[in-house]
Amino acid sequence: MQVRQAEIGDQIDLERIYSDSISLAAWLPDSVRRSVISFAADSEGEIVHVASDAVNKVQGFISVWQPESFIHHLYVAPSFQQQGVGTMLLQSLDTWLPRPWRLKCTQANEAAFAFYKKRGWNVIEPGQSDHGPYWLMQCESIPIAIQRR
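Position numbers for residues count from 1 along each chain, tracking the sequence in the order it is written. Only residues with pLDDT of 70 or above have their local features reported here, since the model is predicted, and side-chain atom pairs are shown and tallied only from 80 upward, although totals for entire chains, interfaces and linings are computed over all residues. Side-chain descriptors were evaluated using all non-hydrogen atoms of the structure, hydrogens and water having been removed beforehand.

## Concerning the overall build of the protein
Every helix listed is a DSSP run of H or I at least four residues long, and every strand listed is a run of E at least two residues long, numbered separately from the N terminus. Looking only at helices and strands, the protein features 5 helices and 7 strands. Secondary structure elements of the protein, listed N to C terminal, follow the sequence β-α-α-α-β-β-β-α-β-α-β-β. Note on method: radius of gyration uses C-alpha positions; expected globular size equals 2.2 Å times residues raised to 0.38. The C-alpha radius of gyration computed for the protein amounts to 15 Å, which stays within 12% of the reference 15 Å derived for 149 residues, consistent with globular compactness. Projected onto its principal axes, the C-alpha coordinates of the protein cover approximately 45 × 40 × 30 Å. Note on exposure labels: buried denotes an accessible area under 20% of the residue type's maximum, exposed denotes more than 50%, and partly exposed covers the range between, all computed with a 1.4 Å probe on protein chains only. The burial tally for the protein puts 40% of its 149 residues in the buried class. Here, two residues are considered to be in contact whenever any of their heavy atoms come within 4.5 Å of each other. Long-range pairs, those at least 24 residues apart, make up 58% of the contacts in the protein with a sequence separation of at least 6. Carbon and sulfur atoms make up 52% of the accessible area of the protein, which amounts to about 8400 Å² in all. His is not counted here, nor are the chain ends, while Lys and Arg score as positive and Asp and Glu score as negative. All charge positions are set by atom: Lys at NZ, Arg at CZ, Asp at CG, Glu at CD. For the protein, the distance from the average position of its 13 positive side-chain charges to the average position of its 16 negative side-chain charges is 9 Å. Note on areas: these come from Shrake-Rupley sampling with a 1.4 Å probe, and a residue is covered only by the protein chains present in the view.

The structure is reproduced here in structure tokens:
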């Protein structure tokens, strides 16, 4: 598996993973899950990297608003979850994105919250969005347990 900058040819996979992830997210309000969404529109101006396999199948992606080191989206296709794809995408940021990194994690998304906490992210403050209450989280360093060897 490799992490690389997204290319035009990845757009269909990016839209599919994004749409599937939103529609399957039981923790999101129904109005959000059923809304018409567009990854291209929702990530405009962001840098997008993908995790892909040897035949270039996109397994997940991360999009970042670089001026603020803010992770806007991190999604892994359902068939590739729990296989280290999300961790690899986060770790790839160390090569080009200064810390601290920040993101918003919807409070109802307990799996994502546990994922980030395990990887050294800390809650800074709560907030509210159309997705519901969220935690603003920050990561300043890599936890020793998951550092690259």
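That shown, we press on.
## Overview of the sheet that holds strand β3 (residues 58–65)
At least two bridges found by DSSP between two strands are what make those strands a pair. Taken in spatial order, the 7 strands of this open sheet run β1-β2-β3-β4-β5-β7-β6, and their pairing is mixed. Each edge of the open sheet carries a strand with a single partner, namely β1 (2–5) and β6 (122–129). Taking the axes of each pair of neighbouring strands and ignoring which way they run, one obtains an average angle of 30° across the sheet. Here strand β2 (residues 47–52) pairs with β3 via 6 bridges, running antiparallel. Paired with I47 across the strands is V64, a residue of β3. Angles shown run from 0 to 180 degrees and are taken between the N-to-C directions of axes, each axis being a line fitted to C-alpha atoms and, for helices, limited to the stretch in contact.

## A word on the environment of H131
Tracing the backbone through its elements, the reader meets H131 in the loop between β6 and β7 (132–139). For H131, a relative accessible area of 28% puts it in the partly exposed group. Sequence separation between H131 and S31 is 100 residues; the distance between their C-alpha atoms is 9.1 Å. Those residues in contact with H131, other than ones at most four positions away along the chain, are L28, P29, V32 and T106.

## Remarks on the layout of surface pockets
Empty space within the largest pocket amounts to approximately 1300 Å³. Of the two site types, the cavity is a set of points on a 1 Å grid over the protein atoms alone where a 1.4 Å probe fits but cannot get out, and the pocket is an open set with protein on both sides within 12 Å along at least five of seven lines, each lined by residues with an atom within 4 Å of a point. Along its surface, the largest pocket is lined by 42 residues, and W27, L74, Y75, N109 and A112 are the ones closest to its centre. Breaking the lining of the largest pocket down by element, the ones donating at least two residues are α1 (11–24), β4 (70–76), α4 (85–92), β5 (101–106) and α5 (110–118). It is β4 that provides the largest number of residues to the lining of the largest pocket, a total of 7 residues. Side-chain classes are defined by residue name, with Ala, Val, Leu, Ile, Met, Phe, Trp, Tyr, Cys and Pro counting as nonpolar, Asp, Glu, Lys and Arg as charged, and the others, Gly among them, as polar. Residues belonging to the lining of the largest pocket are distributed by class as follows: 22 nonpolar, 14 polar and 6 charged. Around the second largest pocket sit 13 residues that line it, and Q11, L14, F39, S43 and V48 are the ones nearest its centre. Among the secondary structure elements, those contributing two or more residues to the lining of the second largest pocket are α1, α3 (39–42) and β2. Counted by class, the lining of the second largest pocket contains 7 nonpolar, 3 polar and 3 charged residues. Grid points are joined across faces, edges and corners, and a volume is the space filled by probe spheres set on the points.

## Considerations on the packing of aromatic side chains
Think of it this way: a Phe, Tyr or Trp ring, Trp meaning its six-membered ring, pairs with another when their centres are within 6.5 Å, and the plane angle makes it stacked under 30 degrees, edge-to-face over 60, tilted otherwise. A complete count under the given rule lists 8 aromatic pairs for this structure. Between F113 and W135, the aromatic rings sit 6.4 Å apart at their centres with planes inclined by 40°, giving tilted as the arrangement. Taken together, the residues span a long stretch of sequence, with F113 in helix α5 and W135 in strand β7 at a distance of 22 residues. Exposure remark for W135: the relative accessible area of 26% places this residue in the partly exposed category.

Note that every value here comes from positions in space, so none of it alone points to a role or purpose.
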